[in-house]
Amino acid sequence: MTESAIEPMQPEPTPAEDVDAVTSAVLTASRLLMGISVRSLASVGERVTLPQFRLLVVLAARRETKLVTLAEDLAVNPSTAMRMVERLVAAGLVSRRTNPASRREVLLRLTESGQQIVEEVTARRREEIAAIVAAMPAGHRAGLVDGLRAFTDAGGEPGEPVRDTVPLEWD
């Protein structure tokens, strides 16, 4: 080996430096993703805000849930979740019914219109993200998938909502 072929050894980052570098990279990526989110919501006009859309996405992932569980998933107070739900019920995007197993509980679920908004916005988001991923070097994609899955698992984020053949009507 020639002297020019030997690369100098780089010191291993300390755990704090490693966490800081990853945190900075995620913050930068989150700005990009926030921009994508805002642009994708523009497709539905002023029907929902970003926090309301997040509520719709959580409901899409859960299918049906109690208000308290929804508030926990959104990391908001139940009163905040209730105000958001009231607006979305009035807009025809969320429906509620009494829980047959416990008549004191109300169960929340997306309406067909709410599901359509989630699908439309998610499709626009997916298109824009796919274009960015396609522009990445192929060798970085697998590592990104593993890293992002670990990141979302550590943060407790539910997986991407997927519409299947189960009808939206109440049982």
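Here the residue index of a chain counts from 1 through its sequence in written order. Since the coordinates come from a predicted model, pLDDT governs what is reported: local features require at least 70, and pairs of side-chain atoms require 80 or more to be given and counted, while whole-chain, interface and lining totals use all residues. Side-chain measures were taken over the full set of non-hydrogen atoms in the model, leaving aside hydrogen atoms and water.

Caption draft 1: Highlighting the overall build of the chain. Helix and strand content of the chain: six helices and three strands. Numbered from the N terminus, helices here are DSSP runs of H or I no shorter than four residues, and strands are runs of E no shorter than two. Ordering the α and β elements of the chain from the N terminus gives α-α-β-α-α-β-β-α-α. When burial is assessed residue by residue, the chain has 24% of its 171 residues classed as buried. Note on exposure labels: buried denotes an accessible area under 20% of the residue type's maximum, exposed denotes more than 50%, and partly exposed covers the range between, all computed with a 1.4 Å probe on protein chains only.

Caption draft 2: Structural view of helix H2 (residues 50-62). To estimate how far a helix should reach, multiply one less than its number of residues by 1.5 Å. Taking 1.5 Å as the rise per residue, H2 with 13 residues should run 18 Å; its terminal C-alpha atoms sit 18 Å apart, in good agreement. After H2 finishes, the residue arginine 63 shows a positive phi value of roughly 75°.

Caption draft 3: How the structure looks around the confidence of the model for the chain. For every residue, the pLDDT score states the predictor's confidence, bounded by 0 at the bottom and 100 at the top. Taken over all residues, the pLDDT of the chain has a mean of 81, while the share at 70 or more is 82%. By mean pLDDT, helix H1 (residues 15-41) is the weakest element of the chain at 83, and helix H4 (residues 78-90) is the strongest at 92. Across residues 161-171, where pLDDT falls below 50, the model places 21 contacts with residues more than four positions away in sequence or in other chains. Whether two residues are in contact is decided by their heavy atoms: any pair within 4.5 Å suffices.

Caption draft 4: Examining helix H6 (residues 138-155) more closely. With 18 residues, H6 should reach 26 Å at 1.5 Å per residue; the first-to-last C-alpha distance of 26 Å fits that figure. Trailing H6 by a residue or two, glycine 156 shows a phi angle of about 75°, which is positive.

Caption draft 5: Expanded view of the packing of H2 against helix H3 (residues 67-74). Every angle, taken between N-to-C directions, lies between 0 and 180 degrees, and every axis is a line fitted to C-alpha atoms, over only the stretch in contact when it is a helix. Orientation of H2 relative to H3, taken along the N-to-C sense of each, is 120°, at an axis distance of 10 Å. Here H2 is positioned oblique relative to H3, judged by the angle of their axes. Where H2 crosses over H3, the two elements pack in a sense that is right-handed. Touching Arg54, Leu55, Val58, Leu59 and Arg62 of H2 are Thr69, Leu70, Asp73 and Leu74, all from H3. Reported orientations rely on four angle classes, namely roughly parallel under 35 degrees, roughly antiparallel over 145, roughly perpendicular from 65 to 115, and oblique for the rest. Here a crossing is taken to be left-handed if its near helix is turned anticlockwise relative to the far helix by less than a right angle, and right-handed if that turn runs clockwise.

Caption draft 6: Molecular detail of the environment of glutamate 120. Counting through the fold element by element, glutamate 120 comes out in helix H5 (residues 112-135). Residue glutamate 120 is classed as partly exposed on the basis of its relative accessible area of 34%. In this structure, the C-alpha to C-alpha distance between glutamate 120 and valine 44, residues 76 residues apart in sequence, is 8.1 Å.

Caption draft 7: Structural detail: the nonpolar core. Membership of the largest hydrophobic core comes to 25 residues, with the highest contact counts inside it found for Val48, Phe53, Leu55, Leu56, Leu70, Val94 and Ile117. Element by element, the count of residues in this core is highest for H2, at seven residues. Definition used in this section: a nonpolar core is a set of buried Ala, Val, Leu, Ile, Met, Phe, Trp, Tyr and Cys residues joined via side-chain atoms within 4.5 Å.

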